[in-house]
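Listed below, chain by chain, are the residues.
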Amino acid sequence: TPQSSQPPVDRADFVSSGRRIVGKYDQIVGLVTFTASMTDDSKASRIQQAIALDRQYFSRVSDLRGKLVWAGVDSGPYMEAVEAVESGASKISVGLTFMQYWVDDRARASDLEVGLAGVGQGSHMLTQASRQLNSL
């Protein structure tokens, strides 16, 4: 069994996979970064696109953890990086759920604000995750 401080099967592949996930979530964050001139319909459309991408990409976060599980790594800097990616992606996913409530009922403006805040927190977490990946 590898030591937790040793790289998983392929360090470059692991880091590259992690960076791709972070990049995909950056794309989602970009979709729900609104300008003052955007209409509510435009915002709703972008939220729907972001949710579709989240559904597509979220399983890749589990795949990243899987790389470590298969390598026998259950702690250390690699697992910490995975946990940071998981936390950021989850926070964004939850934020998008709140934004969907607003799409379904535009009177729920507070849900839009909660969702935007969650996406912002998730984005910050993924920035930290990216730093962790880069330090591996």
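Anyway, here's the lowdown on the structure attached to this text.

Here is what the cut-offs are and how they apply
Residues numbered from 1 in each chain as written. Predicted model: local features only at pLDDT ≥ 70, side-chain atom pairs only at ≥ 80, totals over all residues. Heavy atoms only, no water. Axes fitted to C-alpha atoms, helices over the stretch in contact; angles between N-to-C directions. Helix = DSSP H or I, 4+ residues; strand = E, 2+ residues; numbered from the N terminus. Parallel < 35°, antiparallel > 145°, perpendicular 65-115°, else oblique. Left-handed = near helix turned anticlockwise from the far one by under 90°. Contact = heavy atoms within 4.5 Å. Core = buried A, V, L, I, M, F, W, Y, C linked by side-chain atoms within 4.5 Å. Buried < 20%, exposed > 50% of the residue type's maximum accessible area, 1.4 Å probe, protein only. Salt bridge = Lys/Arg side-chain N within 4 Å of Asp/Glu carboxyl O. Nonpolar A, V, L, I, M, F, W, Y, C, P; charged D, E, K, R; others polar. Phe/Tyr/Trp six-rings, centres within 6.5 Å; stacked < 30°, edge-to-face > 60°.

### Brief notes about the packing of helix 1 (residues 11-31) against helix 3 (residues 77-104)
In step 1: The contact between helix 1 and helix 3 brings their axes to 11 Å, and the two run at 20°. Between helix 1 and helix 3, the interaxial angle falls into the category roughly parallel. Classified by chirality, the crossing of helix 3 by helix 1 is left-handed. Residues R11, F14, I21, V22, Y25, I28 and V29 of helix 1 form the contact with helix 3, whose participating residues are Y78, V82, V85, A89, I92 and L96.

### Considering the nonpolar core
In step 1: Counting residues in each nonpolar core, the largest one holds 40 residues, and the members touching the most others are F14, Y25, I47, V85 and L96.
In step 2: If you list the elements that add at least two residues to this core, you get helix 1, helix 2 (40-71), helix 3 and helix 4 (109-135).
In step 3: Sort the elements by how many residues they give to this core and helix 3 lands first, with 12 residues.
In step 4: Ignoring any residue separated from it by four or fewer positions in sequence, one finds V85 in contact with I21, V22, V61, L64, L126, A129 and L133.

### Looking at the pattern of salt bridges
In step 1: Enumeration over the complete set of coordinates arrives at four salt bridges.
In step 2: Its salt-bridge partner being D13, residue K67 comes within 2.7 Å of it at the nearest N-O pair. Linking K67 in helix 2 with D13 in helix 1, this pair joins segments that are 54 residues apart in sequence.
In step 3: One salt bridge connects R108 with D111, and the closest N-O pair in it is separated by 2.5 Å.
In step 4: Looking at R108, the relative accessible area reads 37%, which means it is partly exposed.

### A closer look at the packing of helix 1 against helix 4
In step 1: Where helix 1 meets helix 4, the closest approach of the two axes is 10 Å, and the angle between their N-to-C directions is 160°. In terms of orientation, helix 1 and helix 4 fall into the roughly antiparallel class. Seen from above, helix 1 lies across helix 4 with left-handed handedness. Here F14, V15, G18, R19, V22, Y25 and V29 of helix 1 lie close against helix 4, whose contacting residues are V119, S123, L126, S130, L133 and N134.
In step 2: Classifying every residue of the contact of helix 1 with helix 4 by side-chain character gives eight nonpolar, four polar and one charged.

### Brief notes about the packing of aromatic side chains
In step 1: The full count for this structure, using the stated rule, is two aromatic pairs.
In step 2: An angle of 65° between the planes, with centres 5.3 Å apart, marks the rings of F14 and Y78 as edge-to-face. In this pair, F14 is assigned in helix 1 and Y78 in helix 3, connecting sequence segments 64 residues apart. Take F14 and Y78: they sit in the same class, and that class is buried.

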